[in-house]
Structure formats: structure tokens, C-alpha cells
Amino acid sequence: MSAHAPQPPQKPGEDPIRPHVFDGIAEYDKRLPNWWLMTLYASIAFAVVYWMATQHFGGKSDGEKVTAHIQGIRAAKLAAAGSYDDAALWEMSRNASIVAAGAATYASTCVACHGANLEGGIGLNLADAQWKHGGAPTTIMRAVAEGIAGTGMPPWGPMLGPKKTAEVTAFVLSKHPAP
Ligand code: HEC
């Protein structure tokens, strides 16, 4: 084997022959076919676009998708349990899908009296650390469900049902630091 063995003669009109010869075998220096090059360039371009789309512009990463999915399962379990103690309500308040559902209920049912940022108005401020009727999650949920007698705070339990009442309570709690 030699890299410097004599070159076989090149015929006119043929592709050039590469300068090495191994065991008497030489190879043509062929241009890669266009379809092959186009496939290569297209896959490079696709990789860049795909990477940008999934990693940089709003596309959720696999980790985020899994977390959202697990939160959805947790949310369904918490809702199915049907009993809401302080710990369950705090946990719900850290669950993005429950908080989003609660935010929708808040926007349709509570916003007129408690304000878009829970700052209060006709109703009390629900975002500060002051609770006139008690700040424990179950106490807040009871105020929402049963209303506050003798004030402008009506009972929402009959209209919303326990699930939505718990969700909107979780949304209010999401504006507060968990213990
Ligand atoms: C029609 C007006 C009105 C609407 C609608 C309303 N509230 Fe109220 N809410 C009030 C008023 C007024 C108070 C204050 C009662 C008082 O003076 O003690 C209050 C008090 C509260 C409190 C007790 C706050 C504290 O400091 O202890 C909570 C919690 C509450 N509202 C949550 C909600 C939620 C959640 C909704 C939506 C499901 C809602 N409210 C809808 C008028 C309203």
C-alpha cells in the first residue's frame, strides 16, 4: 500500500482522480449530487428553525410539558377528593392549572367588587396581609362559600359549587406566600 503510487491516467471528460492510491485502488473526486447537498442544507436549516421555535420562542420544553401534565393530574385528584383542608388549598394555590381556573372564576364573579388586582373597592383588598374575617385557607373558602352575613359579600357556594369555590380560593391564595 502506498499513498504515492503512480496515478492511473485520467481520460478526458472524466471526473478528476484523487491524489492517493491504496492497494492499487484510486477514487474519483466526484461532486456530491445536488439532491444530496439540498437534503443536507435543508436539514441544517430545519434544525436551526426547529431549535429556535422549541427552545427560544414560547414552545414549551419537555420538562415544562411534564410538569404541567403532572399538575393537571394533581388538580384532578384534589378536585376528586372533594374535601379541602388548609394544606390542600395551599397546594392548589401553587398548581398552575387550578390557579388559572380560579382566575377565570374570579374575573367573571369577583372582579366587580374586589378589583382586577384584588385591590378591593366595594369589597375588601384580598391581596394584602390583612384579613378581616380570618386568613386561613379554609376560613377564606368559607367566607366565599357562605358569604359574610350583614355585608355586601354574598354567598357564592350555591352558585359556584365546591370545586369552583375551592379554585377561586386557591387563586386568591396564589397571591400570598405559602407557609
Ligand atoms: C357584590 C360585591 C362582591 C362580590 C361580587 C364579591 N365580594 Fe367578596 N366581599 C364583598 C364585601 C363588601 C366584603 C367585605 C365584607 C365586610 O365588610 O366584612 C367582601 C369580603 C370578602 C372576603 C373576606 C376578606 C377578609 O378580609 O376577610 C373574601 C375572602 C372575599 N370577599 C372573596 C370574594 C370572592 C372570592 C368573590 C368571588 C367569588 C367575591 N368575594 C365576590 C363584596 C363582594
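Caption draft 1: Here's a closer look at the packing of aromatic side chains. Going through the model one piece at a time under the given rule, you end up with 2 aromatic pairs. Measuring from ring centre to ring centre gives 5.2 Å for Tyr106 and Phe171, while their planes differ by 45°; the resulting arrangement is tilted. Here Phe171 lies in helix H7 (residues 157–173) and Tyr106 lies in helix H4 (residues 96–109), a separation of 65 residues in the sequence. Its relative accessible area of 3% is what places Tyr106 among the buried residues. Across from the ring centre of Tyr28, 5.3 Å away, lies the NZ or CZ of Lys30, which sits over that ring.

Caption draft 2: A look at the site of the ligand. With respect to spatial proximity, 19 residues lie near the ligand, and among them Cys110, Cys113, His114, His133 and Met153 are the closest. Here an oxygen atom of the ligand and a backbone polar atom of Lys132 are 2.9 Å apart. When atoms are counted within 2 Å of each cavity's grid points, the one that captures over half of the ligand is the largest pocket. Of all the secondary-structure elements, those providing two or more residues to the shell around the ligand are helix H5 (111–114) and helix H6 (137–146). Of the residues that constitute the shell around the ligand, the class distribution is 11 nonpolar, 7 polar and 1 charged.

Caption draft 3: Expanded view of the coordination of the iron atom of the ligand. For the iron atom of the ligand, the full set of protein donor atoms is His114 (NE2) and Met153 (SD), at a range of 2.0 to 2.2 Å. Viewed at the metal, the 6 donor atoms of the iron atom of the ligand are separated by angles of 85 to 178°, and the geometry they form is octahedral. Residue His114 is found in helix H5, and its partner Met153 is found in the loop between H6 and H7; the two are separated by 39 residues along the sequence. Of the two residues, His114 and Met153, neither departs from the other in class, the shared state being buried.

Caption draft 4: View of the packing of helix H3 (residues 86–93) against H7. Interaxial distance between H3 and H7 falls to 8 Å at its minimum, and their mutual angle equals 70°. Taken as axis vectors, H3 and H7 run roughly perpendicular relative to one another. Pair H3 / H7 crosses with right-handed handedness. Each of Leu89, Trp90, Met92 and Ser93 in H3 lies in contact with H7, whose residues at this interface are Ala166, Glu167, Thr169, Ala170 and Leu173. Taken together, the residues that form the contact of H3 with H7 break down as 6 nonpolar, 2 polar and 1 charged.

Rules used throughout
Residues numbered from 1 in each chain as written. Predicted model: local features only at pLDDT ≥ 70, side-chain atom pairs only at ≥ 80, totals over all residues. Heavy atoms only, no water. Phe/Tyr/Trp six-rings, centres within 6.5 Å; stacked < 30°, edge-to-face > 60°. Helix = DSSP H or I, 4+ residues; strand = E, 2+ residues; numbered from the N terminus. Buried < 20%, exposed > 50% of the residue type's maximum accessible area, 1.4 Å probe, protein only. Lys NZ or Arg CZ within 6 Å of the ring centre and 35° of its normal. Near = heavy atom within 4 Å. Polar contact = N/O pair within 3.5 Å; in protein donor to acceptor, adjacent residues only side chain to side chain. 1 Å grid on protein atoms, 1.4 Å probe; cavity = no way out; pocket = protein on both sides within 12 Å on 5 of 7 lines; lining within 4 Å. Sits in = over half its atoms within 2 Å of the grid points. Nonpolar A, V, L, I, M, F, W, Y, C, P; charged D, E, K, R; others polar. Donors = N, O, S within 2.8 Å, 3.2 Å for Na, K, Ca; no water. Tetrahedral: all angles 85-135°; square planar, octahedral: opposite > 155°, others 65-115°. Axes fitted to C-alpha atoms, helices over the stretch in contact; angles between N-to-C directions. Parallel < 35°, antiparallel > 145°, perpendicular 65-115°, else oblique. Left-handed = near helix turned anticlockwise from the far one by under 90°. Contact = heavy atoms within 4.5 Å.

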